[in-house]
Amino acid sequence: MSANTTPHRPVMDSRHGDCKDRQTSTTIMAENDTLECVTEHERILQEIESTDTACVGPTLRSIYDDQPNAHKRFMEKLDARIRNHDREIEKMCNFHHQGFVDAITELLKVRADSEKLMVTSQTDEVIHCRLQQRNMVTTVEKLQLCLPVLEMYSKLKEQLESKRHYAALKTMEQLEKVYIPRVSQYRFCQIMAENLPRLREEIKEISMSDLKDFLESIRKHSDKVGEMAMRQAQKHRTFNSALTKQACLGHYTKPVYSVIGPTHAHIHNALMRDDDDVDDEDEDGTEEEADEEILMAHDLVDFSPVYRCLHIYTVLGNRETFENYYRKQRKKQARLVLQPQGNMHETVEGYTRYFNQIVGFFVVEDHILHATRGLVTRPFTDELWNMALSKIIAVLRTHSSYCDDPDLVLDLKNLIVIFADTLQGYGFPVNRLFDLLFEVRDQYNETLLKKWSLVFREIFELDNYSPIPVETEEEYKLVISRFPFHDAEIEKQDFPKKLPMSQSVPQIYTQVKEFIYASLKFSESLHRSSTEIDDMLRKSTNLLLTRTLNSCLQNHIKKPHIGLTELVQIIINTTHLEQACRYLEDFITNITNVSPETVHTTRLYGLSTFKDARHAAEGEIYTKLNQKIDEFIQLADYDWNMAESDGRASGYLMDLINFLRSTFQVFTHLPNNNNDHGSMSGKVAQTACMSACKHLSTSLMQMLLDTELKQISMGAIQQFNLDVIQCELFASSEPVPGFQGDTLQMAFIDLRQLLDLFLVWDWSTYLADYGQPTSKYLRVSPATALALLEKMKDTSKKNNIFSQFRKNERDKQKLIETVVKQLRSLVNLMSS
């Protein structure tokens with residue numbers, strides 16, 4: 001290719017559609033040949049010269065795809081083009097040959113000049129050597145001046161390596177103020193001066209690292225320090241009567257187990273000696289005789305990193321930075337310490353660890369407060385404590401609510417008291433903790449109530465609901481020692497004899513006293529007056545009686561397996577328990593020494609509790625009797641279309657009456673030794689008997705008037721009448737003593753008048769006397785009479801298809817229709 005070639009416009013490949021920048025072979029060819037006159041082979045040669053090698057293949061393939069022997073003619077053209085380019089290359093080489101020859105000639109002339117330069121170089125070396133000798137002498141002189149600086153710097157390095165950081169800071173100060181200014185013109189001194197700030201930063205970082213290790217150490221040992229402080233507080237509360245008295249009055253003095261740290265002077269001296277700890281030999285004689293607790297605190301926690309770091313930052317002018325960092329980290333640790341474990345409420349150990357960590361944290365802060373000047377301040381510790389106190393109260397309020405074991409709640413209360421006493425001894429206000437104890441007390445009472453609920457249930461389930469038999473005087477004394485029972489009539493009886501209540505009564509009374517003792521345990525050490533404790537006991541006992549015991553009684557009464565005899569015995573038992581409430585009042589009074597006549601003294605509410613239980617038992621007696629009556633009535637199988645009665649009462653009804661007789665016989669055989677109990681059981685029996693008769697009468701009436709029953713014959717009425725007669729005979733036989741006159745028979749008066757009206761067929765009298773107070777059928781309403789008559793009317797129509805041909809039947813039918821019309825008129829009149 002010629003050197004005179006120039007680029008030209010891109011050529012578009014018509015077959016492959018790719019447009020690339022192409023360079024023309026030579027300017028001569030571009031000028032002489034136009035695109036219109038070139039041959040095909042010349043065009044291909046131009047493409048080969050101007051196209052990338054990747055595109056040559058398709059171009060060459062087009063040569064062979066053309067006319068036959070075309071490739072030979074193309075090869076000839078290609079050879080000619082190659083020869084043309086060779087001639088151009090040869091011309092170019094001939095043009096530059098003379099310049100190459102001139103360059104070789106110039107190079108030969110340089111050889112002579114190089115030899116002269118070598119002689120000049122040797123002369124310069126001699127001169128340079130003499131200058132070096134002179135410089136060495138000057139250097140020795142200057143080094144003697146710099147040696148003290150180097151020695152001090154070496155001393156600084158040794159101090160840093162031996163971790164004598166405070167001494168290193170002093171050496172740095174001497175270097176900066178005395179030694180380096182003497183030789184400040186030297187570069188190495190400038191480097192030293194530049195390194196000193198970096199070394200100070202390293203000292204700061206190292207001391208800060210020690211502080212972080214200290215913070216990690218106290219985090220691990222806080223529970224041990226707290227355990228030590230709480231144990232000592234408990235000892236002082238137990239054995240130091242003077243301190244206990246002050247605690248009760250709300251005045252606390254600084255306890256001797258307070259961890260008082262070394263003075264600022266001691267810390268400074270220790271730092272100057274580069275000791276790791278503050279030496280005990282510098283302490284006063286009184287501190288050498290310090291409590292075991294102080295020695296244990298220093299054994300567990302090494303406070304010297306704090307002192308060193310504080311002093312280093314003070315010397316470096318960054319005390320405020322250190323104080324802020326320390327307080328920030330301690331706040332973070334406080335939040336971690338205050339975070340309880342999820343299962344803390346399950347064991348007393350969980351609460352103990354929680355309290356120990358918190359006490360340990362604030363004991364350490366109290367130590368830092370007294371051992372340093374301003375690292376922490378009283379406002380800072382007060383802020384930490386207020387934050388902690390809110391968190392502690394929230395945690396204890398939540399976790400205590402999960403606890404259902406009264407013993408664990410009692411242990412928690414004791415821990416809170418010791419915890420409060422310990423921290424108040426260090427000057428932290430704890431009134432809110434004692435307020436929290438009242439909430440915990442309520443939770444404790446709740447757990448007690450749940451526990452005693454199970455106790456009461458078991459007592460009721462195991463009771464045989466029979467009077468307590470006593471065979472000997474010893475057995476009798478054993479019973480009355482557990483329950484205050486006094487009855488002159490029973491005491492006169494010979495052994496063996498029976499006490500009216502069942503065995504659950506003395507057991508319940510004993511358990512109530514045990515509950516009072518358990519409730520009293522929480523009131524201990526709360527620094528409350530006897531009046532307040534008395535009020536607490538009475539209120540918690542009221543809850544036991546009115547809520548727990550009452551609920552257990554009510555639930556037990558409603559259990560299906562409790563029979564009538566058991567229900568009557570429960571009524572007797574509740575009467576005795578009600579009478580024993582005044583003895584429980586005296587029991588609480590003897591414990592607290594607070595007279596019941598004191599103003600605002602809470603009274604026990606056992607009276608209403610046991611009355612409610614009696615009413616529930618009585619109602620259950622009536623309900624169970626009625627349910628039994630319903631079961632018998634469901635067995636009734638009347639033939640409502642029978643022609644005539646068989647002359648005897650129904651079997652189901654006789655069975656029902658026999659059941660009622662035996663039931664009320666049991667009522668009359670209940671213990672009747674005490675007049676009160678006899679009248680009580682008699683009253684219940686009378687009410688139950690009256691209730692049963694009324695229910696039986698109502699049920700029979702409903703059976704007769706049932707809307708599902710469409711037809712009733714006169715024979716069925718007669719049979720039904722025989723059953724009602726048996727009910728009346730039962731009522732008149734005085735199944736339960738104490739009824740006056742025919743009071744019990746009046747339960748069936750509605751049925752009797754209705755049946756008599758139909759049996760006698762006395763409609764003229766009924767209609768004539770209706771509305772008059774002296775009416776023979778006063779208890780029969782027109783609606784009732786109409787409903788039953790409609791059933792008999794339908795029977796008369798369908799009984800015999802030939803009845804219309806019999807005069808008597810026709811007359812009876814007419815009479816029924818007439819009476820029905822009149823009854824309907826009366827019903828409409830009453831409804832209007």
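Residues numbered from 1 in each chain as written. Predicted model: local features only at pLDDT ≥ 70, side-chain atom pairs only at ≥ 80, totals over all residues. Heavy atoms only, no water.

For the protein, the helix and strand inventory stands at 30 helices and four strands. Counting only residues that meet the buried cut, the protein has 43% of its 832 residues in that class. Summarising the internal contacts of the protein: among those between residues at least 6 apart in sequence, 77% fall at separations of at least 24. Surface exposure of the protein reaches about 45,500 Å², of which carbon and sulfur atoms provide 52%. (Helix = DSSP H or I, 4+ residues; strand = E, 2+ residues; numbered from the N terminus. Buried < 20%, exposed > 50% of the residue type's maximum accessible area, 1.4 Å probe, protein only. Contact = heavy atoms within 4.5 Å. Areas by Shrake-Rupley, 256 points an atom, 1.4 Å probe, with all protein chains shown as cover.)

What follows is about the packing of aromatic side chains. Within this structure, the stated rule accounts for 26 aromatic pairs. With centroids separated by 4.9 Å and ring planes inclined at 35 degrees, the aromatic side chains of Tyr-638 and Trp-640 adopt a geometry described as tilted. This pair shows no difference in class: Tyr-638 is buried, exactly as Trp-640 is. Among the aromatic residues, ring-to-ring pairing joins Tyr-354, Phe-355, Phe-361, Phe-362, Trp-385, Phe-419 and Phe-428 into one connected group. (Phe/Tyr/Trp six-rings, centres within 6.5 Å; stacked < 30°, edge-to-face > 60°.)

Here we come to a nonpolar patch on the surface. Taken together, the side chains of Phe-100, Val-101, Ile-104 and Leu-108 define a hydrophobic patch exposed on the protein surface, amounting to about 390 Å² of accessible area. Counting through the fold element by element, Phe-100 comes out in helix H4 (residues 70–161). (Patch = residues over 30% accessible without salt bridge, like charges linked within 9 Å, V, L, I, M, F, W, Y side chains within 5 Å. Salt bridge = Lys/Arg side-chain N within 4 Å of Asp/Glu carboxyl O.)

In total, this model carries 19 salt bridges according to the counting rule given. Among the salt bridges present, the one from Lys-559 reaches Glu-461, with a minimum N-O distance of 2.4 Å. In this pair, Lys-559 is assigned in the loop between helix H20 (530–557) and helix H21 (564–579) and Glu-461 in helix H16 (residues 431–462), connecting sequence segments 98 residues apart. The partner of Arg-824 in a salt bridge is Glu-790, with the nearest N and O atoms 2.5 Å apart.

Here the focus is the environment of Lys-142. Here Lys-142 shows up in helix H4. When its relative accessible area of 37% is taken as the criterion, Lys-142 is described as partly exposed. Sequence spacing of Lys-142 and Tyr-186 is 44 residues, and the spatial spacing of their C-alpha atoms is 9.7 Å.

So, on to the nonpolar core. Residues Phe-355, Trp-385, Ile-392, Phe-419, Ile-621 and Phe-720 are the most contacted members of the largest nonpolar core, which totals 179 residues. Viewed by domain, this core spans two of them, domain 1 (134–221) and domain 2 (303–428), each represented by three or more residues. Here Trp-385 is in contact with Phe-362, Ile-392, Phe-419, Leu-423, Phe-428, Pro-429 and Val-430, once residues within four sequence places are set aside. In terms of nonpolar packing, the next biggest core, distinct from the first, is built from 19 residues, Val-149, Met-152, Leu-160 and Leu-175 among them. (Core = buried A, V, L, I, M, F, W, Y, C linked by side-chain atoms within 4.5 Å. Domains from an automatic or database assignment.)

Attention now goes to the side chain of Asn-445. The topology assignment puts Asn-445 in helix H16. Setting aside residues up to four positions removed in sequence, Asn-445 forms contacts with Ser-519 and Ser-540.

In this section: the packing of helix H14 (residues 378–402) against H16. In contact at an axis separation of 10 Å, H14 and H16 are set at 5 degrees when each is read in the N-to-C sense. In terms of orientation, H14 and H16 fall into the roughly parallel class. Of H16, the residues touching H14 (which contributes Asn-386, Leu-389, Ser-390, Ile-392, Ile-393, Leu-396, Arg-397, Ser-400 and Ser-401) are Arg-432, Leu-433, Leu-436, Glu-439 and Gln-443. Classifying every residue of the contact of H14 with H16 gives six nonpolar, five polar and three charged. (Axes fitted to C-alpha atoms, helices over the stretch in contact; angles between N-to-C directions. Parallel < 35°, antiparallel > 145°, perpendicular 65-115°, else oblique. Nonpolar A, V, L, I, M, F, W, Y, C, P; charged D, E, K, R; others polar.)

Of all residues except glycine, most have a negative phi; of all peptide bonds, most are trans. In this model, Phe-495 is joined to Pro-496 through a cis peptide bond whose omega is -5 degrees. Considering the arrangement of structural elements, one finds Pro-496 in the loop between helix H18 (488–492) and strand E4 (497–499). The backbone of Asn-593 sits at a positive phi, close to 60 degrees, despite the residue not being glycine. Inspection of the secondary structure puts Asn-593 in the loop between helix H22 (581–592) and helix H23 (606–633). Judged by its relative accessible area of 68%, Asn-593 falls in the exposed class.

A few words now on the side chain of Glu-728. Along the polypeptide, Glu-728 turns up in helix H26 (residues 714–732). At 2.9 Å, the side chain of Glu-728 and the side chain of Arg-752 are in polar contact. Beyond its immediate chain neighbours, meaning those up to four positions away, Glu-728 contacts Gln-745, Phe-748 and Arg-752. (Polar contact = N/O pair within 3.5 Å; in protein donor to acceptor, adjacent residues only side chain to side chain.)

Contact geometry for helix H19 (residues 504–523) and H20: axes closest at 10 Å, N-to-C directions at 140 degrees. Judged on the interaxial angle alone, H20 and H19 are oblique. In terms of crossing hand, the pair formed by H19 and H20 is right-handed. Counting all contacts with H19, which are made through Ile-508, Val-512, Phe-515, Ile-516, Ser-519, Leu-520 and Ser-523, the residues of H20 involved are Ile-533, Met-536, Leu-537, Ser-540, Thr-541, Leu-544, Leu-545 and Leu-549. (Left-handed = near helix turned anticlockwise from the far one by under 90°.)

Turning next to H14. Since the α-helix packs 3.6 residues into each turn, any two residues three or four apart lie on the same face. Here H14 contains 25 residues, and its C-alpha end-to-end distance of 36 Å stays within 8% of the 36 Å for a straight helix at 1.5 Å per residue. Those residues of H14 not exposed but buried are Phe-380, Thr-381, Leu-384, Trp-385, Ala-388, Leu-389, Ile-392, Ile-393, Val-395, Leu-396, His-399 and Ser-400. Lining the buried residues of H14 we find helix H12 (319–337), helix H13 (348–371), helix H15 (406–425) and H16. (Expected span 1.5 Å × (residues − 1).)

With respect to the element layout, Ile-588 can be found in helix H22. Distance from Ile-588 to Lys-513, taken between C-alpha atoms, is 8.9 Å for residues 75 residues apart in sequence. Not counting the four nearest positions on each side in its chain, Ile-588 is found in contact with Ile-516, Asp-534, Leu-537, Arg-538, Thr-541 and Leu-604.

To continue, consider the confidence of the model for the protein. Of the residues in the protein, 81% reach a pLDDT of 70 or more, and the chain-wide mean stands at 78. pLDDT under 50 marks residues 241–296. Its contacts with residues more than four places away, or in other chains, come to 89 contacts. Every residue in residues 671–678 scores below 50 in pLDDT, and together they form 12 contacts with partners more than four places removed in sequence or on other chains. (pLDDT = per-residue confidence, 0-100.)

There is a patch of like negative charges on the surface, built from Glu-349, Asp-404, Asp-405, Asp-407 and Asp-411. Mapped onto the elements of the fold, Asp-411 is located in helix H15. (Lys, Arg positive; Asp, Glu negative; His and termini not counted. Charge placed at Lys NZ, Arg CZ, Asp CG, Glu CD.)

Attention now moves to the environment of Glu-176. Its place among the elements puts Glu-176 in helix H5 (residues 165–182). Owing to a relative accessible area of 36%, Glu-176 belongs among the partly exposed residues under this scheme. Remark: the alpha-carbon pair of Glu-176 and Leu-196, spanning 20 residues in sequence, is separated by 8.5 Å. For Glu-176, the residues in contact, after removing those within four places along its chain, are Pro-181, Leu-196 and Arg-200.

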